[in-house]
Amino acid sequence: GEARAKLMGLRPEVVVIDASVDQHRSKYPLLQLLADVDPPIPAIVVGGKESLIDRTMALRLGARSFLRKPIAAAKVVAEAERILRRLRPQRGRVLVADDDPATLAALKAILVGAGLDVVTIADPLQVLSTLQAERFDLLILDREMPHLGGLELCRVLRSDPRWHGLPILILAEHRADIIHQIFDAGADDIVVRPIVDQELVTRVANRLERSRIYRNMSDTDLLTGLPNRWKAAEIIELLRRMAKRYLEPLSVAIIGIDDLRGIVERHGGAAGDEVICRLAELLVRTFRGEDVAGRWSDDRFVLALYGIGREDSAARLRIALDEFQRIESRDGQGEVHPATFSAGIAVFPADGADLPALGHAAELALRTAEARGRGHIEAQVDETLASPGGQPIDVLIVEADEALTDLLTHTLEARGYRTLALLDGHDALTWLGPDSSAPGARVILMAVDLPGLDGLALLRRLKEMGITRTSRVIMLTARASEPEVLEALRAGAFDHVSKPFSVPVLMQRVSQALEV
């Protein structure tokens, strides 16, 4: 009755029906109501062990899909999205970056006229943060822009697996040498100046269709049905932003199957796949629908628990571990092969301010758990494992601007440098200080404007501790006054770069600092 009353005032795009609730008096009365609305409202029925007749009746009454319990909330949402994509026209979302306002206006007019949603930005340094904040189906970049050209930005994006499948078109003149550079940078196509309306629309439409096909194929791990690494990371990043906004804890666990290679060698590949699927099913069944479980790598899973701290997360994982150990699997010869897992837990924001840092911390905790033997859960991060052999990382980034931090991290890692990013001056002092077991950094990119402890004050502390003798500090600031430059150099800085800066130039400064 409550559902019927709400339907009179609201028209939802899709309705999810629990079969056990809708069947208590007659066969799917709510489903029949949805079917009688003009036009009918699509429905998803979620049931348990309903008979084939019950399932057939639900489909006859207009149900678009029938899902079997237990099922994760993420899978129900994904099914609803699939149904809605089929029922309504697709409007691709396009991000255009160009420093010329006239070109931006012309491109937007053409693409909006073709039925597309278009966002334009004039600053290439905003591209990465915009892509992280919203989901786009296609990106158009001008080849020549100040501070960061389209080709360099394309290389940065292609170095990050999250953007491997994002179609990128480069706006440039038609020259053989330029075309070669464009495709070598990883772009999918070129938009030739002067722009021809219909040609632009056709190229964009073709790439959008391929993008949709790619996304449908690439978001799910085929063996387990869980979100794959990149999709799981995308969802966890949304949870991280919610946790930051509402001051809630977020626990991220990396779970590794103990000795999976040994299981495969002793019992065969099918036995290994069975253990992987068994753990995936257990994670879905054991944890809440709002928790996120995904396939992280061959023998690893990721689990994110929103609103749950370190100790509660460890307790829940121990319960799952106990159940996993009780499940018996047999190979083709009937031989039992028991399995266990180990897990490492990191908590936002204590162990990391962003997802890469949290994932790194959880991996370190997992290493500690594995070092203790099979079937251990470790909720504390051992910083002595932060770098193999205790060697310093190549570049430490201390910058409060998360978008700029992400851009620099991706650019440096694309060049093979080991990096770590910190957003707060006090965090950097703790990580670099004498009481820390962290291995230090060869080069430090440090902003002047930092929360907690400003960059110049932090630089003076590092000089007092002797850190500037072994770590080359490059200061990043929006103020290019001569007194500030001199103050930074007197305080121990190796170099000084003013914002906005050219990323390739900064990379050259980093390279020089590493060679000293």
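Fair warning: this is a prediction, and the values are worked out from it, not measured in the lab.

Definitions and limits used
Residues numbered from 1 in each chain as written. Predicted model: local features only at pLDDT ≥ 70, side-chain atom pairs only at ≥ 80, totals over all residues. Heavy atoms only, no water. Helix = DSSP H or I, 4+ residues; strand = E, 2+ residues; numbered from the N terminus. Buried < 20%, exposed > 50% of the residue type's maximum accessible area, 1.4 Å probe, protein only. Areas by Shrake-Rupley, 256 points an atom, 1.4 Å probe, with all protein chains shown as cover. Pairing = 2+ DSSP bridges. Contact = heavy atoms within 4.5 Å. Axes fitted to C-alpha atoms, helices over the stretch in contact; angles between N-to-C directions. Salt bridge = Lys/Arg side-chain N within 4 Å of Asp/Glu carboxyl O. Parallel < 35°, antiparallel > 145°, perpendicular 65-115°, else oblique. Left-handed = near helix turned anticlockwise from the far one by under 90°. Nonpolar A, V, L, I, M, F, W, Y, C, P; charged D, E, K, R; others polar. Phe/Tyr/Trp six-rings, centres within 6.5 Å; stacked < 30°, edge-to-face > 60°. Lys NZ or Arg CZ within 6 Å of the ring centre and 35° of its normal. pLDDT = per-residue confidence, 0-100. Right-handed = clockwise from strand over helix to strand, strands pointing away.

Counting its regular elements, the chain contains 20 helices and 18 strands. Residue burial in the chain is summarised as follows: out of 516 residues, 49% are buried. Of the roughly 24,600 Å² of accessible surface on the chain, 53% is carried by carbon and sulfur atoms.

Quick look at the sheet that holds strand β12 (residues 341–348) now. Reading across the sheet, the five strands line up as β10-β11-β9-β12-β13 and stay open at both edges, with mixed pairing between neighbours. One side of each edge strand has no neighbouring strand; the edge strands of this open sheet are β10 (292–297) and β13 (377–378). Bridge count for strand β9 (residues 250–257) against strand β11 (residues 300–306) is seven bridges, and the pairing is antiparallel. Across the sheet, the residue bridging to I254 is V302, located in β11. Contacts between helix α11 (residues 229–246) and the sheet are confined to β9, β10, β11 and β12, with β11 contributing the most and set at about 25° to the helix. Sheet contacts for helix α14 (residues 310–326): β9, β11, β12 and β13; angle to β12, the most-contacted strand, approximately 160°.

Next up on the list: the pattern of salt bridges. Under the criterion given, the structure shown has 29 salt bridges. The partner of D142 in a salt bridge is R193, with the nearest N and O atoms 3.0 Å apart. Separated by 51 residues along the polypeptide, D142 in strand β6 (residues 138–142) and R193 in the loop between β8 (189–192) and α10 (197–218) bring together distant segments of the chain. Here D142 falls in the buried class, since its relative accessible area comes to 7%. Where R288 meets D291, a salt bridge forms, and the shortest distance between an N and an O atom there is 2.6 Å. One continuous salt-bridge network, built from bridges that share partners, spans R143, E144, E173, R175 and D177.

Attention now moves to the sheet that holds β8. The strand order across the open sheet built from five strands is β5-β4-β6-β7-β8, with neighbouring strands paired in parallel fashion. The sheet is open, and its two edges are formed by β5 (117–121) and β8, each paired on a single side. With direction set aside, neighbouring strand axes in the sheet form an average angle of 20°. Packing against the sheet, helix α6 (residues 101–113) makes contact with β4 (93–97), β5, β6 and β7 (168–172), and its axis sits at approximately 170° to β5.

Here the residue pair R193 and P194 is connected by a cis peptide bond, since its omega of -10° sits within 30 degrees of zero. Within the secondary structure, P194 is located in the loop between β8 and α10. With an omega of 0°, the peptide bond between F348 and P349 qualifies as cis. Positionally, P349 belongs in the loop between β12 and α15 (355–371).

What follows is about the environment of A447. Looking at where A447 falls in the secondary structure, it is placed in strand β16 (residues 441–447). For A447, a relative accessible area of 1% corresponds to the buried category. Measuring from C-alpha to C-alpha, the distance between A447 and K499 comes to 9.7 Å, with 52 residues separating the pair along the chain.

With that settled, the discussion passes to the packing of helix α13 (residues 269–286) against α14. Contact geometry of α13 with α14 gives a least axis separation of 11 Å together with a crossing angle of 140°. Classified by the angle between their axes, α13 and α14 sit oblique to one another. You can see that α13 and α14 cross each other, and the crossing is right-handed. Only A320, E323 and F324 of α14 make contact with α13, whose side of the interface consists of V275, R278, L279, L282, R285 and T286. Residues belonging to the contact of α13 with α14 are distributed by class as follows: five nonpolar, one polar and three charged.

Okay, the environment of L67 next. Structurally, L67 is set in strand β3 (residues 63–68). Assessed through its relative accessible area of 13%, L67 is described here as buried. When the C-alpha positions of L67 and G48 are compared, they lie 8.4 Å apart, and in sequence the two are 19 residues distant. Apart from residues no more than four positions distant in its own chain, L67 is found in contact with I44, V45, V46, G47, V76 and E79.

A word on the packing of aromatic side chains. If you walk through the whole model with that rule in mind, you get one aromatic pair. Taken together, a centroid distance of 5.7 Å and an interplanar angle of 50° make the contact between F324 and F341 tilted. Residue F324 is located in helix α14, and its partner F341 is located in strand β12; the two are separated by 17 residues in the primary sequence. Over the face of the ring belonging to W296 we find R229, whose NZ or CZ atom lies 4.1 Å from the ring centre.

Turning our eyes to something else, we now look at the confidence of the model for the chain. Per-residue confidence for the chain gives a mean pLDDT of 83, with 87% of residues at or over 70. Per-residue pLDDT stays below 50 along residues 384–390; that stretch engages in 12 contacts with residues further than four places along the chain or on separate chains.

Here we take up the pairing of β6. Most of β6 is tucked away: five of the five residues are buried. In β6, alternate side chains face the same way, and those of L138, I140 and D142 on one face and L139 and L141 on the other are all buried. The pairing of β4 with β6 spans four bridges and is parallel. By the bridge assignment for β6, V96 is matched with I140. Looking at chain direction, β6 and β7 are connected through four bridges and run parallel. What sits directly across from I140, in β7, is L169. Remark: the β6/helix α8 (residues 150–158)/β7 crossover connection has right-handed handedness.

Once that is clear, we can look at the pairing of β7. Buried residues dominate β7, accounting for five of its five residues. Going residue by residue along β7, you find I168, I170 and A172 tucked away on one face and L169 and L171 tucked away on the opposite face as well. Bridge analysis of β7 against β8 gives four bridges, and the strand direction is parallel. Looking at the pairing, L171 lines up with V191 of β8. You can see the chain leave β7, run along helix α9 (residues 176–184) and come back into β8, and the turn it takes is right-handed.

With that settled, the discussion passes to the packing of helix α16 (residues 402–414) against helix α20 (residues 503–515). At a closest axis distance of 11 Å, the pairing of α16 and α20 adopts a crossing angle of 60°. Put simply, α16 runs oblique to α20. Where α16 crosses over α20, the two elements pack in a sense that is right-handed. In this structure, α16 contributes L407, L408, T411 and L412 to the contact, and α20 contributes V503, L506, M507 and V510. In terms of residue class, the contact of α16 with α20 is built from seven nonpolar, one polar and no charged.

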